[in-house]
Amino acid sequence: MLHERGAEKTTLAGIAAAAGVPLGNVYYYFKTKDAIIAAVIETYGHTYELMSSRLDQQPTPQARLKALIQAWVSNGEQLTARGCPVGSLSSELDKRDGDLRTQAAGVLAQLVGWAQRQFEDMGRPDARELAVALVAAYEGIALLANTLGDSSLVSTEGRRLERWIDDFAQDGDAGRIA
């Protein structure tokens, strides 16, 4: 519901109704909507940890980064329908002060950090910049695909990013976003 409606429009009563449980049951586990949002952010963080563990099984940093891109592309329909779950929630929480904003930012920072390590393993001195550019390209295409209602944008951007990663494998000095 948070991903579909956003944090501000989601209510505890709505969550209870969608789950088919009495509202009191929701209150028993989550005293506030912010407690539910914190649990969702924690789940997003765990999801990224699991995904990075699977990606780390790939033999090279290039293969790991390309597998990440393919995971993004495989969610193209969801991105088009609702945007990136973490990016959308982070953007919404950015308008607030407090811990939730920081926690959501931490999930995206976790992804940037993982990508940075891949670029470092490729010998890139500008690994942080490249990792930020990669995640920014994903978040940007998620926003555009959602706004324009065009899932083909996700696959097109995925192919472009894969070529970009391949440039690094072929030429250690390929630093442009092609």
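See the structure above.
In this text, all values refer to a predicted model and were calculated from it rather than measured experimentally. In this convention, every chain numbers its residues from 1, walking through the sequence in written order. Local features are withheld for residues below a pLDDT of 70 in this predicted model, meaning they are given only at 70 or higher, and side-chain atom pairs are given and counted only at 80 or more; totals for whole chains, interfaces and linings count all residues. Computation of side-chain values covers all heavy atoms of the structure but excludes hydrogens and water.

Caption draft 1: Representation of the overall build of the protein. Labels follow the DSSP assignment, with helices taken as runs of H or I lasting at least four residues and strands as runs of E lasting at least two, numbered in each case from the N terminus. Across its full length, the protein holds 10 helices and zero strands. Mapped in sequence order, the helices and strands of the protein form the string α-α-α-α-α-α-α-α-α-α. With the C-alpha coordinates of the protein rotated into their principal frame, the extents come out at 60 × 30 × 30 Å. A buried classification covers 41% of the 178 residues belonging to the protein. Two residues qualify as a contact provided that any one of their heavy atoms is within 4.5 Å of a heavy atom in the partner residue. Pairs at least 24 apart in sequence give 63% of the contacts found in the protein among residues at least 6 apart. The charge count treats Lys and Arg as positive and Asp and Glu as negative. His and the chain ends do not count. Think of each charge as sitting on NZ of Lys, CZ of Arg, CG of Asp or CD of Glu. The distance from the centre of the 18 positive side-chain charges to the centre of the 23 negative ones in the protein is 4 Å. Only protein chains enter the area calculation, which uses a 1.4 Å probe; residues under 20% of their type maximum are buried, those over 50% are exposed, and those in between are partly exposed.

Caption draft 2: View of the packing of aromatic side chains. Any pair of Phe, Tyr and Trp rings, taking the six-membered ring for Trp, is counted once the centres come within 6.5 Å. Such a pair is stacked with planes under 30 degrees apart, edge-to-face with planes over 60 apart, and tilted for the rest. Evaluation of the coordinates by the stated rule reveals five aromatic pairs. For the pair W72 and Y138, a centre-to-centre distance of 4.0 Å together with 15° between the ring planes defines the contact as stacked. A residue pair is termed long-range when its members are at least 10 positions apart, and W72 in helix α5 (residues 61-74) and Y138 in helix α9 (residues 127-148) qualify at 66 residues. Summarising the burial analysis for this pair, W72 and Y138 share the class buried.

Caption draft 3: Spatial organisation of the packing of α5 against α9. Interaxial angles span 0 to 180 degrees and are taken between N-to-C directions of axes, which are lines fitted to C-alpha atoms, for helices over the stretch in contact. Following both chains from N to C, one finds α5 and α9 inclined at 15°, their axes separated by 11 Å at the closest point. With respect to α9, the axis of α5 lies roughly parallel. Where α5 crosses over α9, the two elements pack in a sense that is right-handed. For the pair formed by α5 and α9, the contact residues are L65, L68, I69 and W72 on the first element and L134, V135 and Y138 on the second. Across the contact of α5 with α9, the residue classes break down as seven nonpolar, no polar and no charged. Orientation is classified from the angle alone, with under 35 degrees giving roughly parallel, over 145 giving roughly antiparallel, 65 to 115 giving roughly perpendicular, and any other angle giving oblique. In this scheme the handedness of a crossing depends on how the near helix is turned from the far one: anticlockwise by less than a right angle means left-handed, clockwise means right-handed. Under the grouping applied here, Gly and all other residues not named as nonpolar or charged are polar, the nonpolar ones being Ala, Val, Leu, Ile, Met, Phe, Trp, Tyr, Cys and Pro and the charged ones Asp, Glu, Lys and Arg.

Caption draft 4: Molecular detail of the packing of α9 against helix α10 (residues 152-170). Interaxial distance between α9 and α10 falls to 9 Å at its minimum, and their mutual angle equals 165°. Considering their axes alone, α9 and α10 lie roughly antiparallel with respect to each other. Handedness of the α9/α10 crossing: right-handed. Contacts between α9 and α10 involve L130, A133, L134, A137, I141, L144, A145 and L148 from the former and L153, V154, E157, R160, L161, W164 and F168 from the latter. Of the residues assigned to the contact of α9 with α10, the class counts are 13 nonpolar, no polar and two charged.

Caption draft 5: Structural detail: α10. One less than the residue count of a helix, multiplied by 1.5 Å, gives the span that helix is expected to have. With 19 residues, α10 extends 27 Å between its outermost C-alpha atoms, agreeing within 8% with the 27 Å of an ideal straight helix rising 1.5 Å per residue. By the burial criterion, the buried members of α10 are V154, E157, G158, R160, L161, E162, W164, I165, D167 and F168. The inward-facing, buried residues of α10 contact α5, α6 (76-82), α8 (99-121) and α9.

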